[in-house]
Structure formats: C-alpha cells, structure tokens
Amino acid sequence: MIGFYDYTVITSFLGIISAVIGMTEACNGNFLIAIICLAFSGMCDTLDGKIARTKKNRTDDEKAFGIQLDSLCDVVCFGVFPVVIAYNMGMNKPLGIAVLCMFLVCGVIRLAYFNVMEEKRVVQSPESKKVYHGVPITTISVSLSLMYVVGILIPPTAFMIVLHALFILQAILYIVNIKIPKPNMWIIFAIVLVVIILLVVILVLAKMGIVQTHNIGETANALTVLAG
C-alpha cells in the first residue's frame, strides 16, 4: 500500500471525515450539525501537528507526507466545506458565488504558499515557528461557528450580509502578509472546544424548541432581498 500509516495521521483523517459528514448535513439543510462538524474539524487540526511531533523517529519522507496530507485535508475541511455550508445557507446567487470563489482561491493560494515555505523551514530551522504569516485557513472553523451563534439573534437579512462580509474578510486575511504571533496550541484547542460545547448546547435547546435556528428557506429569501 502507498502512503505512511501511523497514529500521527489519525486526527487528519478524523477531521476530513467530519467535513464530509458536515457537507451532507449542510446539503440537507441541517446547518447547526454542519457547523458542529466544522468546529470539530478545526479541533482536529489544532491537534495533528502536536501529535505528529511526539513521534521523534519520523523520516524526512514521513514529515513531507504529513505536510502535504495536512494541507490537502485543510483544502477540504476549511476551503470546500465552508463553501458548501454558505452556499446552502443562501450564498447561491451570483454575488455569493463570486465571494465563495474568491474565498476558496485565496485559501488555496495560502496553503500552496505554506507548503513551499514550510518545507524550507523544516530543512533550515526544525524548531517550531513563532509567527503566522497571514491568518491560518483553519480560523474559518471558529469565525463561521461564532457568526452562526450570533446570527441566531439577528434577522435573516442581516445574517446574510454578515455572512458575505465574513467570507470576504477571511479571503483577504489569508493572503495579506501580516505577522501574527502564534498562540499556544492548548489555548486554541480550549477555544474550539468551548465553541463546540456552545453549539451542542444550542442544538439541544433547538431540539427542545427553546431557541430557533436559521433554516434554508429564511436565508434564501434573505439573499433574494439582498441581491435585489
């Protein structure tokens, strides 16, 4: 069999499986479950690098494979997956599609650039990097999740406007060369875990009828108003 198989790649595979499940839920209009899957994929991504570094005897081929695998999973989990969610939420008119294309192109550019620079860094300076250049593509898992939570409290039309703005902002931040200090991995993990817990609580409350979440009909109608 081709490939490298050990415990260091398990979280990457879990993340992409969660993304596939989430995409099917988004296509069925179950956006809250899809968002939970997105946040879970984000949590997996925060762990995969840390887990990989616990294996001290990795070969150069295994390290290169891990870099490529991580980026390919990121394309699906934090590129295609958010696009599927947003499209089914209502960003399915020319304006929304253009924004989603911009988002995905910028995300792919960022990941391709990261692969080139990361391979150089591993050779020249094996220690962990101290800063991010631009905003990591993984951040969409947190920003879109939190925006969905806030969106429950605002009218559908306003929600769609904010949704468009979020994807435009994320796309720009992916490719702008600004240096951001790299936070502690466990802090990121804790933030994503809190987001997942919050989403699960909302899901339970929605099932109980205590809160009402956005549905595909509302958001599609809101986008029609927005597009004029």
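Residues numbered from 1 in each chain as written. Predicted model: local features only at pLDDT ≥ 70, side-chain atom pairs only at ≥ 80, totals over all residues. Heavy atoms only, no water.

Colleague: Just checking my understanding: could you explain empty space enclosed by the protein for this structure?
Modeller: Any space left empty among the atoms is revealed by the rolling of a water-sized probe across them. Tallied over the full model, the rule gives one cavity of 30 Å³ or more. Empty space within the largest cavity amounts to approximately 50 Å³. What lines the largest cavity is simply Thr-11, Ser-12, Gly-15, Ser-41, Cys-44, Asp-45, Asp-48, Asp-70, Cys-73, Asp-74, Cys-77 and Phe-78. Secondary-structure elements contributing two or more residues to the lining of the largest cavity are helix H1 (10-27), helix H2 (31-53) and helix H3 (60-89). No other element matches H3, which puts five residues into the lining of the largest cavity. Residue composition of the lining of the largest cavity, by class: four nonpolar, four polar and four charged. (1 Å grid on protein atoms, 1.4 Å probe; cavity = no way out; pocket = protein on both sides within 12 Å on 5 of 7 lines; lining within 4 Å. Points joined across faces, edges and corners; volume = space filled by probe spheres on them. Helix = DSSP H or I, 4+ residues; strand = E, 2+ residues; numbered from the N terminus. Nonpolar A, V, L, I, M, F, W, Y, C, P; charged D, E, K, R; others polar.)

Colleague: Would you mind showing me how to read the packing of aromatic side chains here?
Modeller: Given two aromatic rings, one states the distance between the centres and the angle between the planes to describe the pair. Per the counting criterion, the structure on display carries three aromatic pairs. Between Phe-103 and Phe-167, the ring centres sit 4.8 Å apart and the planes meet at 70°, which makes this aromatic pair edge-to-face. With Phe-103 in helix H4 (residues 94-124) and Phe-167 in helix H6 (residues 156-175), this pair connects stretches of sequence that are 64 residues apart. The two residues Phe-103 and Phe-167 agree in class, both being buried. Ring geometry for Tyr-148 and Phe-159: centres 6.3 Å apart, planes at 80°, overall edge-to-face. Within this pair, whereas Tyr-148 is found in helix H5 (residues 140-151), its partner Phe-159 is found in helix H6, the two being separated by eleven residues in sequence. Look at Tyr-148 and you get buried, because its relative accessible area is 1%. Through pairs of rings, three or more aromatic residues link up here, namely Phe-103, Phe-167 and Tyr-174. (Phe/Tyr/Trp six-rings, centres within 6.5 Å; stacked < 30°, edge-to-face > 60°. Buried < 20%, exposed > 50% of the residue type's maximum accessible area, 1.4 Å probe, protein only.)

Colleague: For this particular structure, what's the right way to read the environment of Asp-70?
Modeller: In this structure, Asp-70 sits in helix H3. Among all residues touching Asp-70, those that are not within four sequence positions of it are Asp-45 and Asp-48. (Contact = heavy atoms within 4.5 Å.)

Colleague: Please clarify how the packing of H5 against H6 should be interpreted in this entry.
Modeller: Helix packing for two helices is described by the angle between their axes and how far apart those axes are. Put simply, H5 and H6 touch, their axes get as near as 11 Å, and they point 165° apart. What the angle tells us is that H5 and H6 run roughly antiparallel. Crossing of H5 against H6: the hand is right-handed. Where H5 approaches H6, its residues Ile-140, Ser-143, Leu-144, Met-147, Tyr-148 and Gly-151 are matched on the opposing element by Phe-159, Val-162, Leu-163, Leu-166, Phe-167, Gln-170 and Tyr-174. Split into classes, the residues belonging to the contact of H5 with H6 amount to ten nonpolar, three polar and no charged. (Axes fitted to C-alpha atoms, helices over the stretch in contact; angles between N-to-C directions. Parallel < 35°, antiparallel > 145°, perpendicular 65-115°, else oblique. Left-handed = near helix turned anticlockwise from the far one by under 90°.)

Colleague: Just to check I follow, could you spell out the confidence of the model for the protein chain for this structure?
Modeller: Interpretation of the predicted coordinates at a detailed level should be avoided for regions scoring low in pLDDT. Scored by pLDDT, the protein chain has a mean of 83; 87% of the residues are at 70 or more. Highest mean pLDDT in the protein chain belongs to H1 (94); lowest belongs to helix H8 (residues 216-227) (45). A low-confidence stretch, residues 216-228 stays under pLDDT 50, and its non-local contacts, those more than four residues away or across chains, total 24 contacts. (pLDDT = per-residue confidence, 0-100.)

Colleague: Help me out: how do you make sense of H5 in this one?
Modeller: Given 3.6 residues per turn, any residue in an α-helix points the same way as the ones three and four places further on. For H5, spanning twelve residues, the distance from its first C-alpha to its last is 15 Å, which sits close to the expected 16 Å at 1.5 Å a residue. Counting buried residues along H5, nine of its twelve residues qualify, which places the element largely inside the surrounding structure. (Expected span 1.5 Å × (residues − 1).)

Colleague: Is there a simple way to think about helix H7 (residues 185-207) in this case?
Modeller: Compared with an ideal rise of 1.5 Å per residue, which puts 23 residues at 33 Å, H7 spans 33 Å between its outermost C-alpha atoms and is within 8% of the ideal. Every buried residue of H7 is accounted for by Met-185, Phe-189, Val-192, Val-195, Ile-196, Leu-199 and Ile-202. On its buried face, H7 is in contact with H2 and H5.

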